[in-house]
Number of protein chains: 2
Amino acid sequence: MYAMAVDIMGGDNGSQPLVDAIIKFLKKHDDVHIIAVGQKEQLERLKGICETIEAKDVVPMTAGALDVLRMKESSMMKAITLVKEGKANGVVSCGSTGGFLASSTISLKMIKGVKRAALVTAMPLQEKGKYVTLLDCGANIENSCEELSQFAVMGSLYSKVVCNIKNPRVYLLSNGGEDEKGTTLIKEANKVLKENTKINFIGNIEAREAILDKNVDVIVADGFSGNVFLKSIEGTAKYFSKLIKDAFKKNIFTKIGYLFSKKGIDDMKKTMDYKSVGGALLLGVNGVVVKAHGNSDAQSFESALNVLYKMIKNDVVNEIKKGIE
Amino acid sequence: MYAMAVDIMGGDNGSQPLVDAIIKFLKKHDDVHIIAVGQKEQLERLKGICETIEAKDVVPMTAGALDVLRMKESSMMKAITLVKEGKANGVVSCGSTGGFLASSTISLKMIKGVKRAALVTAMPLQEKGKYVTLLDCGANIENSCEELSQFAVMGSLYSKVVCNIKNPRVYLLSNGGEDEKGTTLIKEANKVLKENTKINFIGNIEAREAILDKNVDVIVADGFSGNVFLKSIEGTAKYFSKLIKDAFKKNIFTKIGYLFSKKGIDDMKKTMDYKSVGGALLLGVNGVVVKAHGNSDAQSFESALNVLYKMIKNDVVNEIKKGIE
C-alpha cells in the first residue's frame, strides 16, 4: 500500500471538490491508503472511506514558511508531519505555495547530495497529451551549474514517471540554441550538462523554440528564468483566451459562429487547460510533495492525486538518491 | 527635412514590398528625404521618387558584425555609413539582426555616457492600440544596475515618442511584485531605479502581470530575461494561433462557425499581429537604428518607416543624451 497525506483545507473552492476527488480517486486505486487532514465538518463525507485526521487550524494563503512551521495544529503542517514521521510517502496541498514548499523543505529535509530542491511542472504544450517538463519554476532564484545539472537528473526522472517518456530529451533554457549563447552561468552549465552521463542532454534552446519544438521533453532553467518563462506562457495564454472570448462576443454572427464551432473551441480550451496537469511538484526532498493549484476543482485535484500516486509508486525519492550520487 | 537611409535588400519577401512601403510612406510625408540603398534593378521603381544609391552586395542572413563591417559594398553597410557621415539621421533594414545591430553599434558608436545600447520593441498587449515597451530584448546578455537604469530612461523616451504615453509607468521584470523579489542584480536595480528621478518607476513585476496588467507602459529587463520573456510570448502566441486554426478545422460545423465568426477572429489576429509594431529599435547609439522584421511585408515595413520617422522627428538621440547626463 502507498500512503498519501492529503491536506483538504486552503483551496479557493473549499474542501468539498477535494473530497469528491479523493472519493473518485479511491474508487480507481485499491493500493492506496489516503490520510485526509482537515477541519472536522469538512471530513464528514470521508468517514469510512479513508483515514481522517482532524486539524483545528487552516494556514492562510499569505503564510510564509515560519508561519506554517509554527502552526502545528494546521491541516498543512499535520499532513507534512505524516510524511516526516514515515506514516505517509507523500503529501498534497492546495494551500499557500510559498508556505507549503518552504515548510516541506525544512521539515522533510533535502535528499542527501541534493544541493537545492526544485519546483517542477508539466506543461501541456505541443501535441495534445504530450507534456513538457519544466524545472525550476521558481523554488529558487539563483542557481549554480551543479544545481542545474541536478535539476536535469530530477527532471528526467519526472518526465519518465509522470509523462511516460522513455529517454527524455533535456534542453537548457537560453537566449539561443548555440552552445556559446547565454549568461556566464548558462555557458558553464551547458558544459557541465554535456558531461552528465545520466541524462540525454541535447543542448541550449531559446524560449520560443522551447514552446514550439516537438523534440523538447525537459527544460532546465534557473529559478528566475524558469519563473519568467512559465509566467509569460501563463500570461499570454490568459490574454489570448480573453481575445478569443471577445472575438465571439463581437456581434450576432460571431455568437452564432461560436455555437457552431463550440466543439473545436472546447477541445482547444482543454489542451490549454493548465489544471489538467495537477499542479507542481517539489523535487529533491525526502518525500513526494505536490502543490495542487489554489483554485483546484475536483478534476484538477484528482490529477494532483494521480501525480502524487505515480511519484510514490515509482519510488522517485530513491531514484533521485541514486541519480544524484 | 528628416533624412532616412533605407536598406531595401535582405528581406525574406524580396525588395518590392519595401519599395511599395517607401512609395506609400512618401505620399504621406513631405518633410522626409529618403535615401534608398539596394541593387540596381531593385531600385528601378524608386527613380524620381527618392534618392537612390546602388550597392553591389547583399548581407546574408547569417552574417555577424565583422562580416557586415567588411562588406563595404553591401546595401546594409552603405546605409549605416550614410548615418555615420551625417547624410541621414537614421537607418532601417530587414537584414541579419545580429549583423545589423552590432555593425551599427560599432560604426555609429554609443552616445556619450550610455553604457550599453538596448534593443527595444513595442508589444501589442493589453487594450487594442496600446503598446507596452520592452527593453532590452536581447542586444545584451548580462547587464549592470546602472545599465538597467539607463534602459529605463531610454524606454520611457521611446514610450513617450512612439506609443504616445505622457508619463510612462516603468516596471522592472522580476519573479514577483515585491521589492525584495529577484536576483541580486534585480534587488539592487530596484533600489537604483527608485532613486532615478528622470523616470516614473512603479516597482517590480512578475512576467504574468507584465502581460496582463493594464498599468504597465515600460518593462525593463536584462538582455537574457528580456529575451526569455519576449520569445515566450511569441512562442505561446504562435502555439495558440495553431490551436485556433485546428479548432475550426475540426468538422463541418466548426468550419461553418469560422465563417460566422470570421470578423471577430480577424480582429483578434490583428491585435496579436506583431508585424504592426514595425520591428525593434536600437537605442543608445548616435543615430536612429530600426531593425524591421525579416519577413516584412509592405504594411509592416511602412510601420518601421514610421517608427524611424517618429524617433528622428522627436530628436530622440539628443533626448537620450540629455536624459543620461
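Residues numbered from 1 in each chain as written. Chains lettered and ligands numbered in written order. Predicted model: local features only at pLDDT ≥ 70, side-chain atom pairs only at ≥ 80, totals over all residues. Heavy atoms only, no water.

So, the relation of the copies chain A and chain B
Two copies of the chain are present, and they differ by a rotation about an axis and a shift along that axis. Our working definition: A least-squares superposition brings the copies together, and it is based on the C-alpha atoms of residues with pLDDT no lower than 70 in both. The contact rule is simple, with two residues in contact once any of their heavy atoms fall within 4.5 Å.
Once turned by 180° and shifted 0.0 Å along the axis, chain A lies on chain B with an RMSD of 0.1 Å. In the structure described here, the two chain copies are related by an operation that fits a two-fold rotation axis. Of every C-alpha in chain A, the one belonging to G257 of chain A sits nearest the axis of rotation, 1.9 Å from it. A share of 100% of interface residues in chain A that are also interface residues in chain B marks the association as one of identical surfaces.

Observations concerning the interface of chain A and chain B
One frequently used descriptor of interface size is the decrease in accessible area upon assembly of the parts. Threshold: Salt bridges are counted wherever a side-chain nitrogen of Lys or Arg sits within 4 Å of a carboxyl oxygen of Asp or Glu. Whenever two N or O atoms come within 3.5 Å, that pair is a polar contact, provided that in protein one can donate a hydrogen and the other can accept it, and provided that, for residues adjacent in sequence, both atoms are side-chain atoms. In this text, helices come from DSSP runs of H or I with a minimum length of four residues, and strands from runs of E with a minimum of two, each type numbered from the N-terminal end. Residues are grouped as follows: Ala, Val, Leu, Ile, Met, Phe, Trp, Tyr, Cys and Pro are nonpolar; Asp, Glu, Lys and Arg are charged; every other residue, Gly included, is polar.
Taken together, the contacts link 52 residues of chain A with 52 residues of chain B. The residue E234 of chain A makes a salt bridge to R208 of chain B at a minimum N-O spacing of 3.7 Å. At the boundary of chain A with chain B, the tally comes to four residue pairs in polar contact (both at pLDDT 80 or more). Of all the secondary structure elements, the ones that give two or more residues to the side of chain A that touches chain B are β7 (169-174), α7 (184-195), α8 (207-212), α9 (223-249) and α10 (252-272) of chain A. Ranked by residues supplied to the side of chain A that touches chain B, first place goes to α9 of chain A with 20 residues. Grouping the amino acids of the side of chain A that touches chain B by side-chain chemistry returns 25 nonpolar, 18 polar and nine charged.

Looking at the packing of helix α1 (residues 16-28) of chain A against helix α11 (residues 298-313) of chain A
All names here are of chain A. Selection rule: Fitted lines through C-alpha atoms give the axes, limited to the stretch in contact for helices. The angle between two N-to-C directions lies from 0 to 180 degrees. An angle below 35 degrees is read as roughly parallel, one above 145 as roughly antiparallel, one from 65 to 115 as roughly perpendicular, and any other as oblique. Left-handed describes a crossing whose near helix is turned anticlockwise from the far helix by less than a right angle; the clockwise case is right-handed.
Look at α1 against α11: their axes get within 8 Å of each other, and the N-to-C directions meet at 50°. Considered as vectors, α1 and α11 are oriented oblique to each other. Of the two possible hands of crossing, α1 and α11 adopt the one that is right-handed. Counted together, P17, L18, D20, A21, I22, K24, F25 and K28 of α1 and A298, F301, E302, L305, N306 and Y309 of α11 form the full contact between these two elements. Of the residues in the contact of α1 with α11, the class split is nine nonpolar, one polar and four charged.

Points about the sheet that holds strand β9 (residues 218-220) of chain B
Residues and elements named next belong to chain B. The criterion, for reference: Two strands form a pair only when DSSP identifies at least two bridges running between them.
Strand order in the open sheet formed by 11 strands is β3-β2-β1-β4-β11-β10-β5-β6-β9-β7-β8, and the pairing between neighbours is mixed. Each end of this open sheet is capped by a strand with a single partner; those strands are β3 (51-54) and β8 (200-206). Pairs of neighbouring strands in the sheet enclose a mean axial angle of 25°, with direction left out of account. In this structure, strand β1 (residues 2-7) lies alongside strand β4 (residues 90-93), joined through three bridges in parallel fashion. Bridge assignment links V6 to a residue of β4, and that residue is V92. Contacting β7 (169-174) and β8, helix α7 (residues 184-195) crosses the sheet at an angle of about 170° to β7.

Here we look at the environment of K130 of chain A
Residue and element names in this part refer to chain A. What counts is decided by this rule: Think of it in three bands: residues with accessible area under 20% of the maximum for their type are buried, residues over 50% are exposed, and the middle band is partly exposed, with areas taken using a 1.4 Å probe on protein chains only.
Along the polypeptide, K130 turns up in the loop between β5 (118-123) and β6 (132-135). On the accessibility criterion, K130 (15% relative accessible area) is buried. The sequence separation of K130 and I165 amounts to 35 residues, and the corresponding C-alpha distance is 9.2 Å. Apart from the residues lying within four places of it in its own chain, the contact partners of K130 are M123, P124, L125, I165, R169, K214, V216 and D217.

Some details on the domain arrangement of chain A
Residues and elements named next belong to chain A. Condition: Source of the domain bounds: an automatic or database domain assignment. Buried area is calculated as the accessible area (1.4 Å probe) missing from two parts once they are joined, with the contributions of both summed.
With domains assigned, chain A is organised as domain 1 (1-114 + 284-325) and domain 2 (118-275). Measuring from the centre of the C-alpha atoms in domain 1 to the corresponding centre in domain 2 gives 25 Å. With 20 residues of domain 1 at the contact, the number on the domain 2 side is 12 residues. Interface of domain 1 and domain 2: buried area, both sides summed, is about 1400 Å²; carbon and sulfur atoms make up 67% of it. At the junction of domain 1 and domain 2, the tally comes to zero salt bridges.

Considering unusual backbone geometry
Here the amide bond leading from L135 of chain A into D136 of chain A is cis, since omega sits at -5°, within 30 degrees of zero. Structurally, D136 of chain A is set in the loop between β6 and α6 (145-163). With a phi angle near 55°, N164 of chain A is a residue other than glycine that sits in the positive phi range. Within the secondary structure layout, N164 of chain A lies in the loop between α6 and β7. Of note, the phi angle at D315 of chain B is positive, near 50°, even though the residue is not glycine. Examined against the element boundaries, D315 of chain B turns out to sit in the loop between α11 (298-313) and α12 (316-324). Take D315 of chain B: its relative accessible area is 36%, and that puts it in the partly exposed class.

Comments concerning the pattern of salt bridges
Residues and elements named next belong to chain A. Across all of its chains, the model carries 26 salt bridges over all chains by this definition. Linking K28 and E302 is a salt bridge whose minimum nitrogen-to-oxygen distance equals 2.7 Å. Of the two residues, K28 is situated in helix α1 and E302 in helix α11; the sequence distance between them amounts to 274 residues. Exposure remark for K28: the relative accessible area of 55% places this residue in the exposed category. Looking at E302, the relative accessible area reads 7%, which means it is buried.

Concerning the pairing of strand β2 (residues 32-38) of chain A
Residue and element names in this part refer to chain A. Across the seven residues of β2, six count as buried, placing the element largely inside the fold. Across six bridges, the pairing between strand β1 (residues 2-7) and β2 is parallel. Within β2, the residue paired with A3 across the bridge is H33. In terms of strand pairing, β2 meets strand β3 (residues 51-54) through four bridges, oriented parallel. Counterpart to A36 in the pairing with β3 is T52.

Considering the confidence of the model for chain A
Where the model shows low pLDDT, its predicted coordinates should not be examined in detail. Threshold: pLDDT: the predictor's confidence for each residue, scored from 0 to 100.
Residues with a pLDDT of 70 or more make up 95% of chain A, whose mean pLDDT is 90. With a pTM of 0.89, the predicted complex shows an ipTM of 0.88.

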